[in-house]
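# Commentary on secondary and tertiary structure
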Amino acid sequence: FWRRRMMREYLWFGLFALFISAYVAAQTYVVGDALGEAHDKATFVFVFLALPSFLLFLRVFLRAPLSTPWRAWLVAHALWSVAALAWPTTWLLHRFLLWWELVLLVPLMIGTVALIVKQMKRGDPEARTVALAVALLVATAANNVVRTLGVVTIEMTNVAFAGSVIVMAVSLSNRFTRAYV
């Protein structure tokens with residue numbers, strides 16, 4: 001990808017799809033039983049890896065430069081991920097999960113929606129397609145924040161992740177078709 005920088009969106013989409021697939025696989029009972037106590041950390045590691053790859057995919061795909069605040073977000077997210085996953089138990093992860101959601105996840109939700117709206121106003125054809133993926137991811141993130149607060153809701157993360165990957169794949173195929181056919 002160093003020589004073909006124009007193909008970076010496929011790299012970030014591929015990584016996002018792999019991390020989401022691993023997350024969904026980690027949610028199964030077979031993997032949960034095999035991992036034992038590490039199951040909880042395994043599911044979080046894939047979410048922690050998926051979020052930056054999604055942000056980078058979206059920025060590259062919509063031709064929006066990565067600004068300084070988003071670079072700071074990536075650094076803060078990386079520091080949190082390393083600290084939470086290096087902790088020997090899941091105590092740190094669960095103790096500060098709500099803070100992570102409020103400080104890092106909510107700005108990501110707002111920023112991605114703002115980017116999509118901005119690009120849609122500019123007439124970007126991919127922004128309209130990717131808007132559905134962003135809506136699914138924002139809906140599941142908001143649902144998870146509400147669940148962390150103790151409200152009982154349905155678990156929709158796996159369905160939202162699958163839907164967002166399908167929508168992004170359609171959008172990438174549309175771009176490929178426009179560019180090469």
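Scroll up to find the structure.
A short tour of the structure in this document, coming up. (Residues numbered from 1 in each chain as written. Predicted model: local features only at pLDDT ≥ 70, side-chain atom pairs only at ≥ 80, totals over all residues. Heavy atoms only, no water.)

Next up on the list: the pattern of salt bridges. Summed over the entire model, instances satisfying the criterion amount to three salt bridges. Residues Arg 63 and Asp 124 are paired through a salt bridge, measuring 3.7 Å at the closest nitrogen-oxygen approach. Of the two residues, Arg 63 sits in the loop between α3 (39-61) and α4 (68-86) while Asp 124 sits in the loop between α6 (97-121) and α7 (125-148), which places them 61 residues apart along the sequence. Looking at Asp 124, the relative accessible area reads 7%, which means it is buried. A salt bridge links Glu 155 to Arg 147; the shortest N-O distance between them is 2.6 Å. The network of salt bridges with shared partners includes Arg 63, Asp 124 and Glu 126. (Salt bridge = Lys/Arg side-chain N within 4 Å of Asp/Glu carboxyl O. Helix = DSSP H or I, 4+ residues; strand = E, 2+ residues; numbered from the N terminus. Buried < 20%, exposed > 50% of the residue type's maximum accessible area, 1.4 Å probe, protein only.)

Moving on, we get to α4. Taking 1.5 Å of rise per residue, the 19 residues of α4 would be expected to cover 27 Å, and the 27 Å separating its terminal C-alpha atoms lies within 8% of that figure. Along α4, the residues that are buried comprise Trp 70, Trp 73, Leu 74, His 77, Trp 80, Ser 81 and Ala 84. Along the axis of α4, the buried positions cluster into a sector of 135°, meaning they face one direction only. For α4, the exposed residues set more than 90 degrees away from the buried face come down to Thr 68, Leu 79, Val 82 and Ala 86. Looking at the packing, one finds that the buried side of α4 touches α3, α5 (91-95) and α6. (Expected span 1.5 Å × (residues − 1). Arc of directions from axis to C-beta. Contact = heavy atoms within 4.5 Å.)

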